[in-house]
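Residues per chain, in single letters:
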Amino acid sequence: MNQTIASKVTLEDVLRLVLPLDTVVVGDPAGKLINWVSILTELIQIEDQVHPGDIVIMPEAVQQHANLSELTECLETIATLASALLAFYPFPDDVNEVATGRDLPIVTVLGKSTLREVHQGIAGLLVNRQKQIDERGLQLYRRLTEMSREGQGIAEMTDVMSKLSQRIVAVQDKRLDIMALSYPPEYETELDRIKLALSHKEGLPKLLHNRKAAAHTPQSYWQQFFSIDDLKMARLISPIISGDRARGYVSVVGPHDELDMLDKLTAQYGAAACALEMAKVKAISEAKKELRGNFLEGLLAGTLPEPEIQRLSSRLDHESGVPHVVLTFAWADEEHPSLRRLETPLNALLSNHGHPTLTHNYGNEHICVFLAMDENEQDFGAALSLADQLRQTLLSEFPDNRMLCGLSGPAAGLEEWPEVHKQAMQAMILADRLKVETAVDYNHVGVYQLLLELEALPAVQRYSERIIGSLVEYDAMHNSNLIQTLSAYFGNRGNISQTSDMLFIHRNTLLYRLDRIKTLTGQDLDDADERLALHLSLKVWQIQSGSQTADES
């Protein structure tokens with residue numbers, strides 16, 4: 001990076017380092033060297049007031065009291081000496097045309113800047129360039145923090161950084177997704193390729209791959225070079241530090257041989273201001289999240305009366321008046337990653353899902369997703385697809401852990417969310433009990449809906465144990481498989497041929513096993529009532545023991 005102080009000051013330097021961002025330039029400022037700054041006190045004896053290479057400031061009073069003829073004549077003389085003319089009000093088009101024809105740029109400073117401030121700023125730049133660069137950086141930081149206080153946001157702040165530096169400025173989050181991007185018009189055709197170059201994680205400086213390490217390094221910016229076709233580009237990248245880690249990055253991008261100290265300060269101060277903005281946004285988000293969470297906890301617990309539900313529904317910041325599918329996600333194993341490790345990829349998937357969704361960490365036990373249904377009500381397919389995508393994502397990162405998912409719905413309104421959430425939870429419990437890898441839809445679990453409600457009753461447990469317990473004990477003692485046989489028999493609707501084929505055993509062997517089951521349980525498979533009792537007892541045992549069985553495969 002070029003950190004030497006240039007011995008010459010150009011009009012472009014004055015525009016970047018001194019004048020307000022909304023300054024208007026008529027004519028081409030490129031290549032105009034500035035030797036000094038002079039103030040035009042009157043429109044006579046101009047040769048005595050202006051020296052070659054000056055930037056001439058025309059005070060408001062002088063400009064306002066001159067007629068068109070006087071201004072045009074004055075301009076002809078100034079153009080032979082000065083490098084540029086600076087005024088505080090726009091000139092008439094006729095005057096601008098004369099200036100353009102004489103290759104004299106006219107700079108119009110709008111807003112609240114005074115003649116004294118402009119004069120001091122240009123003189124300061126000519127006397128001490130580094131001091132003016134530092135001051136410009138501080139001006140930028142003050143401007144950005146003021147914008148944050150006023151709630152203008154990251155996009156507007158990025159626009160100011162780009163206008164000041166005349167570079168491409170990108171603000172990215174921790175995943176390198178671009179949050180805001182501003183750029184000079186001449187880079188528009190290269191924009192897609194530049195965005196692609198910024199999006200590769202492997203392109204980050206090595207130290208920034210660890211976000212915690214990035215937060216504690218004394219280095220505040222990095223320079224990187226890259227090429228886009230015949231363009232040799234570079235970027236200055238500075239991490240956005242909030243708390244104990246980097247939350248994102250500010251990149252200032254331009255031609256590799258033109259990035260200067262102002263660009264460095266833009267990256268540094270821009271990152272510092274963005275850190276304040278992101279911390280503010282996060283604090284507001286956390287406060288809203290807490291209010292939303294408190295409301296959801298009360299709603300799903302069924303403790304809120306309907307008038308209270310309607311009064312507090314705005315806390316959701318979500319369109320709750322349409323039908324919703326409810327999904328629940330959790331880890332299956334006792335030893336498992338935190339719910340946060342499940343929530344992060346889920347939120348990433350939801351950001352690209354295309355459906356309005358609301359997520360909630362319920363008591364740090366499971367994650368709820370409330371997914372709005374569209375008009376064609378195909379959202380059960382969308383919900384199942386979402387669950388499968390999440391399972392595949394987690395499988396690659398946590399191959400030794402299982403994810404559970406249950407879903408139910410539709411819930412027509414908020415008052416139905418508690419019941420549908422409970423159903424999704426029951427479906428998730430069933431997925432755990434039966435070792436099901438995919439999402440379980442409560443609407444398609446059949447008789448298990450009833451059994452999930454009844455299985456905790458002592459009488460039901462005793463009944464199932466009395467009927468099935470003898471088979472479990474027999475299998476354990478004789479290393480046999482009567483439970484598997486019975487499950488396959490029911491799964492094939494009592495068809496002897498299909499069941500024997502499924503179990504790869506002879507028909508007579510199957511009949512012998514069924515007779516043994518009848519003897520041990522005391523239930524006659526030819527009697528409809530006793531066959532039903534045996535089947536229901538088997539299903540209760542399956543739920544309680546967590547056995548994936550042939551009739552559910």
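Preceding this paragraph is the structure being described.
Not measured: the values here are computed from a predicted model.

Draft legend 1. Structural context of the overall build of the protein. Per the secondary structure count, the protein includes 21 helices and 17 strands. For 553 residues, the compact-globule formula gives about 24 Å, and the C-alpha radius of gyration of the protein, at 37 Å, lies well above that figure. Across its three principal axes, the protein shows a C-alpha extent of roughly 125 × 50 × 40 Å. Of the contacts made within the protein by residues no fewer than 6 positions apart, 62% connect residues no fewer than 24 positions apart. Within the protein, the 77 negative side-chain charges are centred at a point lying 7 Å from the centre of the 50 positive side-chain charges.

Draft legend 2. Local environment of the layout of surface pockets. Approximately 1200 Å³ is the volume found for the largest pocket. As for the largest pocket, its lining consists of 28 residues, of which Lys174, Arg175, Lys282, Ser285 and Arg340 are closest to the centre. If you list the elements that add at least two residues to the lining of the largest pocket, you get strand 12 (245-255), helix 11 (261-300), helix 13 (339-351) and strand 14 (357-362). No other element matches helix 11, which puts 10 residues into the lining of the largest pocket. Looking at the lining of the largest pocket residue by residue, the class counts come to seven nonpolar, seven polar and 14 charged.

Draft legend 3. Representation of the sheet that holds strand 5 (residues 54-57) in the model. Taken together, the five strands give an open sheet; going across it, the order is 2-7-6-5-4, and neighbouring strands pair in mixed fashion. At either end of the open sheet lies a strand with only one pairing partner, and these are strand 2 (24-26) and strand 4 (36-39). Pairs of neighbouring strands in the sheet enclose a mean axial angle of 25 degrees, with direction left out of account. Here three bridges tie strand 5 to strand 6 (residues 84-87), and the two strands are oriented parallel to one another. Each residue of the ladder has a partner; that of Val56, found in strand 6, is Leu85. On the sheet, helix 6 (residues 115-127) packs against strand 4, strand 5 and strand 6 and is oriented at approximately 155 degrees with respect to strand 4.

Draft legend 4. Molecular detail of the environment of Leu262. Mapped onto the elements of the fold, Leu262 is located in helix 11. Sequence separation of Leu262 and Leu349 is 87 residues, and the distance between their C-alpha atoms is 39 Å. Here Leu262 is in contact with Arg16, Leu17, Ile133, Arg136 and Leu164, once residues within four sequence places are set aside.

Draft legend 5. Molecular detail of the packing of helix 11 against helix 15 (residues 417-433). Across the interface, helix 11 lies against helix 15 with an axial gap of 8 Å and an inter-helix angle of 80 degrees. Comparing the axis directions of helix 11 and helix 15 gives the class roughly perpendicular. Judged by residue contacts, Leu296, Leu299 and Leu300 of helix 11 engage Trp417, Pro418 and His421 from helix 15. Residue composition of the contact of helix 11 with helix 15, by class: five nonpolar, one polar and no charged.

Draft legend 6. A look at the sheet that holds strand 13 (residues 324-331). Spatial ordering of the open sheet is given by 14-15-13-16-17, a layout of five strands whose pairing is mixed. Edge positions in the sheet fall to strand 14 and strand 17 (440-441), since each of these pairs with one other strand and no more. For strand 13 and strand 16 (residues 403-411), the ladder comprises seven bridges, and the chain directions are antiparallel. Directly across from Thr328, in strand 16, lies its bridge partner Gly406. Against the sheet, helix 11 touches strand 14 and strand 15 (366-372), its axis set at about 80 degrees to strand 14. Packed onto the sheet, helix 13 meets strand 13, strand 14, strand 15 and strand 16 and runs at close to 15 degrees relative to strand 15.

Calculation notes
- Residues numbered from 1 in each chain as written.
- Predicted model: local features only at pLDDT ≥ 70, side-chain atom pairs only at ≥ 80, totals over all residues.
- Heavy atoms only, no water.
- Helix = DSSP H or I, 4+ residues; strand = E, 2+ residues; numbered from the N terminus.
- Rg over C-alpha atoms; globule rule 2.2 N^0.38 Å.
- Contact = heavy atoms within 4.5 Å.
- Lys, Arg positive; Asp, Glu negative; His and termini not counted.
- Charge placed at Lys NZ, Arg CZ, Asp CG, Glu CD.
- 1 Å grid on protein atoms, 1.4 Å probe; cavity = no way out; pocket = protein on both sides within 12 Å on 5 of 7 lines; lining within 4 Å.
- Points joined across faces, edges and corners; volume = space filled by probe spheres on them.
- Nonpolar A, V, L, I, M, F, W, Y, C, P; charged D, E, K, R; others polar.
- Pairing = 2+ DSSP bridges.
- Axes fitted to C-alpha atoms, helices over the stretch in contact; angles between N-to-C directions.
- Parallel < 35°, antiparallel > 145°, perpendicular 65-115°, else oblique.

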